Amino acid sequence: KSRQGPPVRIETVTVDQGRISAKVTATGTLSALVTVQVGSQVSGRIESLKVDFNSPVKKGQIIATIEPSLFQAAVEQTRANLLSAKANLDQARTGSMQADREYTRAKALFAENLLSKADVDAAEANAQSAKAKIAAMEASVQQAQAAVHQADINLKYTTIVSPIDGVVISRSVDVGQTVAASLQAPTLFTIAQDLTKMQVDTNVAEGDVGKIKPGMNVTFTVDAHPGKKFA
């Protein structure tokens, strides 16, 4: 016997006219309009983390701290150096006053022929040398003040704050981890400013670019919500 297949059904419809839609498709990444990478200006061990993924943050809020003991010691050392430099400056000023008195006395004695010209010249040289020492000590004080300022700044950098209002979308460190800021500031957090305003970053094929014009409707889908289209 020969096996017969199911009967063929033929359906006819009336020919109609309509518009054919051409779509340009591409794959990309959904991201916030503004994201800020927060790094560390100094090297050290992460002492504490104040925020985590999806944490809302405010501008100026502390989000992490680096163990500050070495930087506190540097501040104390530079302040001690500054006190020492100021003491040396006071000593140089006192020495200059004494050298000026001796030079004045030497000139008076020379006028009465009680002192040689060589002794007067030596007293004058000592007075000038004392003034030069004051200038050197003043420069040392300024250098010490700059070192204190730099140490204070480095100590403040151990407290890491958020530069903007937003939401933490990435955390790259853990407590106890050491960060090195020798070449560039390592990224600790990525903060998105406003997750209600997003953008799609994608590459459109060159052959499709000419088909795209302002005002066209655009939809996209994400893996987190399969089957749902976003405008």
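For the structure itself, look to the data block above.
What counts as what
Residues numbered from 1 in each chain as written. Predicted model: local features only at pLDDT ≥ 70, side-chain atom pairs only at ≥ 80, totals over all residues. Heavy atoms only, no water. Helix = DSSP H or I, 4+ residues; strand = E, 2+ residues; numbered from the N terminus. Rg over C-alpha atoms; globule rule 2.2 N^0.38 Å. Buried < 20%, exposed > 50% of the residue type's maximum accessible area, 1.4 Å probe, protein only. Contact = heavy atoms within 4.5 Å. Areas by Shrake-Rupley, 256 points an atom, 1.4 Å probe, with all protein chains shown as cover. Axes fitted to C-alpha atoms, helices over the stretch in contact; angles between N-to-C directions. Parallel < 35°, antiparallel > 145°, perpendicular 65-115°, else oblique. Left-handed = near helix turned anticlockwise from the far one by under 90°. Expected span 1.5 Å × (residues − 1). Core = buried A, V, L, I, M, F, W, Y, C linked by side-chain atoms within 4.5 Å. Patch = residues over 30% accessible without salt bridge, like charges linked within 9 Å, V, L, I, M, F, W, Y side chains within 5 Å. Salt bridge = Lys/Arg side-chain N within 4 Å of Asp/Glu carboxyl O. Pairing = 2+ DSSP bridges.

J.: For this particular structure, what's the right way to read the overall build of the protein?
T.: The helix and strand inventory of the protein stands at three helices and ten strands. When the elements of the protein are put in sequence order from the N terminus, they spell out β-β-β-β-β-α-α-β-β-β-β-β-α. The C-alpha radius of gyration computed for the protein amounts to 39 Å, which surpasses the reference 17 Å derived for 231 residues by more than 25%, pointing to a less compact arrangement than a globule. Taken along its principal axes, the extent of the C-alpha atoms in the protein is 150 × 40 × 35 Å. Residues classed as buried in the protein amount to 23% of the 231 residues present. Put simply, of all contacts in the protein between residues at least 6 apart along the chain, 76% involve residues at least 24 apart. As displayed, the protein has an accessible area near 17100 Å², and 52% of this comes from carbon and sulfur atoms.

J.: Explain the packing of helix α1 (residues 69-111) against helix α2 (residues 117-157) here, please?
T.: The geometry of a pair of packed helices is captured by two quantities: the angle between their axes and the separation between those axes. Close contact between α1 and α2 brings their axes to 7 Å; oriented N to C, the two are set at 165 degrees. When the interaxial angle is binned, α1 and α2 end up roughly antiparallel. In terms of crossing hand, the pair formed by α1 and α2 is left-handed.

J.: Explain α2 to me, please; I cannot follow it from the model alone.
T.: Within an α-helix, residues lying three or four positions from one another point in the same direction, as the helix has 3.6 residues per turn. In this model, α2 (41 residues) spans 61 Å end to end at C-alpha, consistent with the 60 Å of a helix rising 1.5 Å per residue. Among all positions of α2, only V120, A123, A127, A130, I134, M137, V141, A144, V148 and A151 are buried. Considering only its buried residues, α2 is in contact with α1.

J.: What's the story with the nonpolar core in this structure? I'm lost.
T.: Within soluble globular proteins, side chains that are nonpolar tend to cluster in buried spots. Core analysis: the largest hydrophobic core is formed by 17 residues, its most contacted members being I63, I160, L188, F189 and I191. Contributing elements (two or more residues each) for this core: β5 (62-66) and β9 (187-192). Each residue touching I191, except ones within four places of it in the same chain, is listed here: V34, T35, V36, V38, V57, I63, S162, P163, I164, G166, V167 and V168. Membership of the second largest hydrophobic core comes to nine residues, among which are L82, I134, V141 and A144.

J.: Would you mind going over a nonpolar patch on the surface with me for this structure?
T.: Together, V24, V204, V209, I212 and M216 give the surface a local cluster of nonpolar side chains, amounting to about 380 Å² of exposed area. We classify V204 as partly exposed; its relative accessible area is 34%.

J.: Please clarify how the pairing of β5 should be interpreted in this entry.
T.: A regular strand places its side chains on the two faces of the sheet in alternate fashion. Where burial is concerned, most of β5 is hidden: four out of the five residues are buried. Bridge analysis of strand β3 (residues 44-49) against β5 gives three bridges, and the strand direction is antiparallel. Looking at the pairing, S48 lines up with T65 of β5. Both β5 and strand β6 (residues 159-161) contribute to a ladder of three bridges, which runs antiparallel. Directly across from I62, in β6, lies its bridge partner V161.

J.: Any chance you could explain the sheet that holds strand β8 (residues 178-179) here in plain terms?
T.: What holds strands together in a sheet is hydrogen bonding between their backbones, with the strands either parallel or antiparallel. If you trace the four strands from one edge of the open sheet to the other, you get β6-β5-β3-β8, paired in antiparallel fashion. Of all the strands in the sheet, the pair left with one neighbour each is β6 and β8. Sheet analysis places β3 next to β8, joined by two bridges and oriented antiparallel. When the bridges of β8 are listed, R45 appears paired with T178.

J.: Explanation requested: the sheet that holds strand β2 (residues 35-39) in the structure shown.
T.: Taken in spatial order, the four strands of this open sheet run β2-β9-β7-β4, and their pairing is antiparallel. With partners counted over all chains shown, the strands left at the sheet margins are β2 and β4 (56-57), one partner each. In this sheet, strand β7 (residues 166-171) lies alongside β4 in antiparallel orientation, the contact comprising two bridges. Note on β7: the bridge partner recorded for V57 is G166.

J.: Help me out: how do you make sense of the pattern of salt bridges in this one?
T.: Applying the stated rule across the entire model yields seven salt bridges. With a closest N to O distance of 3.6 Å, R93 and E138 form a salt bridge. Pair noted here: R93 is in helix α1 and E138 is in helix α2, with a separation of 45 residues, a long-range link. Residue R93 is classed as partly exposed on the basis of its relative accessible area, which comes to 38%.

Geometric descriptors of this kind do not, in isolation, establish any biological role.
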